[in-house]
Amino acid sequence: AMQYVSDVVNGKKRVGKEILLACIRFQQDLKREDLELHTKEPDFVIGIIERTMVHKQGEDLDGTPLMNTPLLLQPWQIFIVYNLIGFYYAKTKERRYKEAFIFIPRKNGKTTFIAALAWGLALLERKSGATIYIVAASQKQACQSFEFILHSLRTKGEIENFRVLNNNAEHSISYQFTDEHGGVSGSIHIEALASNPDAQDSFNCNIAIADEIHAFKKAAQYNRFKEAMKAYTNKLMIGITTAGDEINSFCYRRLDYAVKVVSGTTKDDSLFVFVSRADQDDQGNVDYTNAQQHEKANPSYGATIRPADIMQEALQAQND
């Protein structure tokens, strides 16, 4: 995480201005007397992910199949984990960040990352009775992350230890931990849900991941889960999106607010911001045939994003 921040701030890693601001914010946070950075918790989550999660599909850049190989987090993903889980208010057990806005283009490994993050956070918070919702505008989208977790557990031969419901009524994974005396010492429950804009469901969770929030029709689809975690001190509401095309949307307002926070024009100490996009001119235009802008927009450029493919698509868009 420190290496990623150093590479970004020193210009060795090409990123957009919002990621640069996020890294500068990280450096400033390290100097704050009211905050302290823990390594045990983020290292635990990263270790759990890389030791238990495997790829469900895909190929490496050279064509090598990735199916069932270990999911190794990229530097930008480790940076996010360290921010979300590492910062605590000094001399307390309270984490600093209660909410996150993550904005990344398609095919940068978003679905696998949020699934793995949900899994790692569940085990981290097991002693609090972790309840984690993976929410999307459609059940199919929410279940993509859920199925990724299931695939990893099956591959590792651990699935028989968990209570799994995967039918039309419910998509969930549950487990109860016991101590040496047979008493319950913790539990986890991960569930994939579609966020109905008109539903009045009553939820109770400590962590929720709202996927593809650009498809949310109403702010209530997001806020319903944010309000469901008021009983917890170390709650975390994560909104993640690949961007949409509706400027009068809840997602666009969240983007606008997040940029103000990371830029320092609005103070919100509880919101973590990771906005990965190309640089724009004063009119909002992007030089979309510029390879440097492709790299700035895509944190997984050269890993899951093939430079030649994205350039070809950009040139096709210019010619069409």
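Residues numbered from 1 in each chain as written. Predicted model: local features only at pLDDT ≥ 70, side-chain atom pairs only at ≥ 80, totals over all residues. Heavy atoms only, no water.

1. Focus: the sheet that holds strand E5 (residues 163-166)
- Pairing is mixed in the open sheet, where 8 strands are placed in the order E5-E6-E7-E4-E8-E9-E3-E10. Single-partner strands in this sheet number two, and they are E5 and strand E10 (271-275). Strand after strand, the sheet turns through a mean of 10° between neighbouring axes, direction not considered.
- Both strand E6 (residues 171-178) and strand E7 (residues 184-194) contribute to a ladder of 7 bridges, which runs antiparallel. In the strand pairing of E7, Tyr 175 is matched with Ile 188.
- Lying on the sheet, helix H5 (residues 110-124) is in contact with strand E4 (130-136), E6, E7, strand E8 (207-211) and strand E9 (236-241); it crosses E7 at an angle near 155°. (Pairing = 2+ DSSP bridges. Helix = DSSP H or I, 4+ residues; strand = E, 2+ residues; numbered from the N terminus. Axes fitted to C-alpha atoms, helices over the stretch in contact; angles between N-to-C directions. Contact = heavy atoms within 4.5 Å.)

2. Quick word on empty space enclosed by the protein
- Using the criterion set out here, one finds 1 cavity of 30 Å³ or more in the structure.
- Along its surface, the largest cavity is lined by Tyr 4, Lys 13, Arg 14, Val 15, Ile 19, Phe 274, Ser 276, Glu 295, Lys 296, Asn 298 and Pro 299.
- Here the lining of the largest cavity is composed, by residue class, of 5 nonpolar, 2 polar and 4 charged. (1 Å grid on protein atoms, 1.4 Å probe; cavity = no way out; pocket = protein on both sides within 12 Å on 5 of 7 lines; lining within 4 Å. Points joined across faces, edges and corners; volume = space filled by probe spheres on them. Nonpolar A, V, L, I, M, F, W, Y, C, P; charged D, E, K, R; others polar.)

3. Section: the pattern of salt bridges
- Under the definition given, this model contains 15 salt bridges.
- Two residues, Arg 14 and Glu 295, come together in a salt bridge whose shortest N-O distance is 2.7 Å. You can see Arg 14 sitting in the loop between helix H1 (2-9) and helix H2 (17-30) and its partner Glu 295 sitting in helix H9 (residues 291-297), a full 281 residues away along the chain.
- Note that Lys 226 is salt-bridged to Glu 99, the shortest N-O span being 3.1 Å. Taken together, the positions of Lys 226 in helix H7 (residues 220-226) and Glu 99 in strand E3 (residues 99-103) put the pair 127 residues apart, joining distant regions of the chain.
- Classification of Glu 99 as buried rests on a relative accessible area of 6%. (Salt bridge = Lys/Arg side-chain N within 4 Å of Asp/Glu carboxyl O. Buried < 20%, exposed > 50% of the residue type's maximum accessible area, 1.4 Å probe, protein only.)

4. Describing the nonpolar core
- Ranked by size, the top nonpolar core spans 87 residues in total, and within it Tyr 4, Phe 79, Leu 84, Trp 119 and Phe 274 carry the most contacts.
- Each residue touching Tyr 4, except ones within four places of it in the same chain, is listed here: Lys 13, Val 15, Ile 19, Cys 23, Pro 75, Trp 76, Phe 79 and Phe 274. (Core = buried A, V, L, I, M, F, W, Y, C linked by side-chain atoms within 4.5 Å.)

5. Description of the pairing of E3
- Of all the 5 residues making up E3, 5 are buried; the element is thus mostly covered by neighbouring parts of the structure.
- In this structure, E3 lies alongside E9, joined through 5 bridges in parallel fashion. Note on E9: the bridge partner recorded for Ala 100 is Ile 238.
- Direction of pairing for E3 relative to E10: parallel, over a ladder of 5 bridges. By the bridge assignment for E10, Phe 103 is matched with Val 275.

6. A closer look at the pairing of E10
- With 5 of 5 residues buried, E10 lies mostly within the body of the structure.
- Burial along E10 is two-sided: the face carrying Leu 271, Val 273 and Val 275 and the face carrying Phe 272 and Phe 274 are both buried.

7. Let's talk about helix H6 (residues 139-155)
- Taking 1.5 Å as the rise per residue, H6 with 17 residues should run 24 Å; its terminal C-alpha atoms sit 24 Å apart, in good agreement.
- Backbone geometry just after H6 places Gly 157 at a positive phi near 70°. (Expected span 1.5 Å × (residues − 1).)

8. Examining the packing of H5 against H6
- One can describe the packing of H5 onto H6 by two numbers: an axis separation of 9 Å at closest approach and a directional angle of 65°. Handedness of the H5/H6 crossing: right-handed. Along the contact surface, H5 presents Lys 110, Thr 111, Thr 112, Ile 114, Ala 115, Ala 116 and Trp 119, while H6 presents Gln 141, Gln 144, Ser 145, Phe 148, Ile 149 and Leu 153.
- Split by residue class, the contact of H5 with H6 holds 7 nonpolar, 5 polar and 1 charged. (Left-handed = near helix turned anticlockwise from the far one by under 90°.)

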